[in-house]
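Architecture and fold: a report
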Amino acid sequence: MIQLAGLDLNASRSGKKSQEKVPVISKRGDAELRYGLYQAALIASYHNDAFRRIYNRMLEGRQGERVIKTKARVKIAAKMLEIAWTMLKNNESFNPNYLLAEPVHPR
């Protein structure tokens, strides 16, 4: 599901050290969905206490990394997509406990 939205992080590291390449989102999925989810993650990282805590935890000790804030927001957007999918699949309303769950990635 994360791959279908194009929110999976990847980097072309052929022959380069991992520090030299910055992971980017694959952009293989629906651009409008990706944009909407990123904007929701951007607002949530500022205005929602639970998402702000998750965002700050992702940034802890990594402030010097390149584009870390964007990467953290992409991860929050992916988490939002997982939560929305779970809510639709189980036909239930939002449960804040979903914020504590790790995303399920198909292998």
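Below you will find a few notes about this structure. Quick caveat, the model's predicted, so the values are computed rather than measured. (Residues numbered from 1 in each chain as written. Predicted model: local features only at pLDDT ≥ 70, side-chain atom pairs only at ≥ 80, totals over all residues. Heavy atoms only, no water.)

**Observations regarding the overall build of the protein chain**
So the rule is basically this: A helix here means a DSSP run of H or I that spans at least four residues, while a strand means a run of E at least two residues long, and both kinds are numbered starting from the N terminus. For the exposure calls, accessible area comes from a 1.4 Å probe over protein chains only, and a residue counts as buried if that area is under 20% of its type's maximum, exposed if over 50%, partly exposed in between. Accessible surface is estimated by sampling points in the Shrake-Rupley manner with a 1.4 Å probe; for residues, cover comes only from the protein chains shown.
Within the protein chain one finds four helices and two strands. Its helices and strands in sequence order give the protein chain the pattern α-β-β-α-α-α, from N to C terminus. With 107 residues in all, the protein chain has 31% of them scored as buried. Accessible area for the protein chain stands at about 7500 Å²; split by element, carbon and sulfur atoms hold 53% of it.

**What about the side chain of Arg 73?**
Note the following rule: By the convention used here, residues are in contact when the closest approach between their heavy atoms is within 4.5 Å.
By secondary structure assignment, the location of Arg 73 is in helix 4 (residues 68-90). Ignoring anything within four residues of it in the chain, the contact list for Arg 73 reads Tyr 38, Ala 41, Leu 42, Ser 45, Tyr 46 and Tyr 55.

**Overview of the packing of helix 2 (residues 31-47) against helix 3 (residues 49-59)**
Counted only if it meets this: Every angle, taken between N-to-C directions, lies between 0 and 180 degrees, and every axis is a line fitted to C-alpha atoms, over only the stretch in contact when it is a helix. Geometric relationships in this document are graded by angle, where less than 35 degrees denotes roughly parallel, more than 145 denotes roughly antiparallel, 65 to 115 denotes roughly perpendicular, and other angles denote oblique. Amino acids outside the nonpolar list (Ala, Val, Leu, Ile, Met, Phe, Trp, Tyr, Cys, Pro) and the charged list (Asp, Glu, Lys, Arg) are all regarded as polar, and Gly is one of them.
At a minimum axis distance of 6 Å, the contact between helix 2 and helix 3 shows a crossing angle of 95°. Taken together, the axes of helix 2 and helix 3 lie roughly perpendicular to each other. Side by side, helix 2 and helix 3 meet where Ala 44, Ser 45, Tyr 46 and His 47 of the first sit next to Asp 49, Phe 51, Arg 52 and Tyr 55 of the second. Across the contact of helix 2 with helix 3, the residue classes break down as four nonpolar, two polar and two charged.

**A closer look at the environment of Tyr 46**
To keep it simple, the criterion reads: Throughout this description, a polar contact denotes any pair of N or O atoms lying within 3.5 Å of each other; where both atoms belong to protein, one of them has to be capable of donating a hydrogen while the other can accept it, and for residues adjacent in sequence the pair is counted only when both atoms sit in side chains.
Here Tyr 46 lies in helix 2. Residue contacts for Tyr 46: discarding those within four places in its chain leaves Arg 52 and Arg 73. At 3.2 Å, the side chain of Tyr 46 and the side chain of Arg 73 are in polar contact.

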